[in-house]
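Chain residues, written in single-letter form:
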Amino acid sequence: MIRDTPESWEVIETKERFQGHIIRVVTDTVKMPRDEAAERDYVVHPGAVAVLALDEHDRVLMIRQYRHPTRHLLWELPAGIRDVAGEPLVAGAARELEEEAGYRAGTWHTLVDLRSSPGMTDERIRVFLARDLTKVETDFVHRHEEIDMPVEWIPLADAVQKALMGMIHNSPAVAGILAAYAASADGFALLRPADAPEE
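Treat the numbers as computed from the prediction; the structure is a model and nothing was measured.

Here glutamate 76 lies in strand E6 (residues 72-76). Look at glutamate 76 and you get buried, because its relative accessible area is 2%. Not counting residues within four places of it along the chain, the set of residues in contact with glutamate 76 comprises Leu61, Met62, Ile63, Gln65, Arg67, Asn170 and Ala173.

Turning our eyes to something else, we now look at the pattern of salt bridges. Scanning all chains against the criterion turns up 13 salt bridges. For arginine 95, the salt bridge goes to aspartate 83, with nearest N and O atoms at 3.8 Å. Taken together, the positions of arginine 95 in helix H1 (residues 89-101) and aspartate 83 in the loop between strand E7 (79-81) and H1 put the pair 12 residues apart, joining distant regions of the chain. On the basis of relative accessibility, which here comes to 23%, the residue arginine 95 falls in the partly exposed class. Arginine 126 is the partner of aspartate 113 in a salt bridge, and the nearest nitrogen-oxygen pair spans 2.6 Å. On the criterion of sequence distance, the pair formed by aspartate 113 in strand E8 (residues 103-115) and arginine 126 in strand E9 (residues 124-135) is long-range, its members being 13 residues apart. Exposure remark for arginine 126: the relative accessible area of 1% places this residue in the buried category.

Here the focus is the pairing of strand E2 (residues 24-31). Relative to E2, strand E1 (residues 11-19) runs antiparallel, the two sharing 7 bridges. The partner of glutamine 19 across the bridge, within E2, is arginine 24. Taking the residues that link successive antiparallel strands as the turn, the E1-E2 hairpin has 4 residues. Relative to strand E3 (residues 37-44), E2 is paired through 8 bridges, and the arrangement is antiparallel. Each bridged residue has a counterpart across the sheet, and for valine 30 the counterpart in E3 is alanine 38. Between E2 and E3, which pair antiparallel and follow one another directly, the connecting turn spans 5 residues, one of which, arginine 34, has a positive phi of 65°.

Parameters at a glance
Residues numbered from 1 in each chain as written. Predicted model: local features only at pLDDT ≥ 70, side-chain atom pairs only at ≥ 80, totals over all residues. Heavy atoms only, no water. Helix = DSSP H or I, 4+ residues; strand = E, 2+ residues; numbered from the N terminus. Buried < 20%, exposed > 50% of the residue type's maximum accessible area, 1.4 Å probe, protein only. Contact = heavy atoms within 4.5 Å. Salt bridge = Lys/Arg side-chain N within 4 Å of Asp/Glu carboxyl O. Pairing = 2+ DSSP bridges.

Take a look at the structure:
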C-alpha cells in the first residue's frame, strides 16, 4: 500500500544552531542502518495553513506577496503560520482568509496536506478548500509584506495552466490548485472534513 507512515530513527545527539522569531535550525546525529551515524541539518517550523477559496464561478482567490528569500512577488493562497496555541487548523485558516483577503466561507474541507521540503524542514502545511464565500469588512492592520497586497480571482482551469507553465511557484498554491482541480471532477465528494486529523 502506498501511504506515508510514521517512523523515527534514533537521535544520538541534537545541536541547536540558530533560534529565530519563528524557526530554529538544528543538527541531529541520527543512527542509520548498519550502525552508521550521519548528521542531518533541518529547520524546525511551527507549520502553516493555507486556503484555496473557490467562488460560485469556479474562480480561485489569489494574493500576491513579496517573499524576500526568493526575491520575488509570488501569487499565493491566503496562508499563515500556526501561531495560536491549541487553535484548530480550520479556525486558523478562516482567520487568515478574513485577514488577508476579507472573506468568510460557509463550507470548509481539507484539500491536501503537505510536507513543504522534507529533506530540510519539518514544516507541515494543511491546505483547505473554502466555498460559499461572503465578503466581509475587517479592521485587521496589514504590515510589512502584506501592505497593498492585491487580491485577484482566477478561473480554476486557468490557475492549473499557469501552475503547469511555471507561472505560479508557491508550493501550497500549486498543490492546492492541482488538488482542487482533481477533486472537482466528482464534485469534491472524496475530500476529508475540515477537522480531519493530520497523519
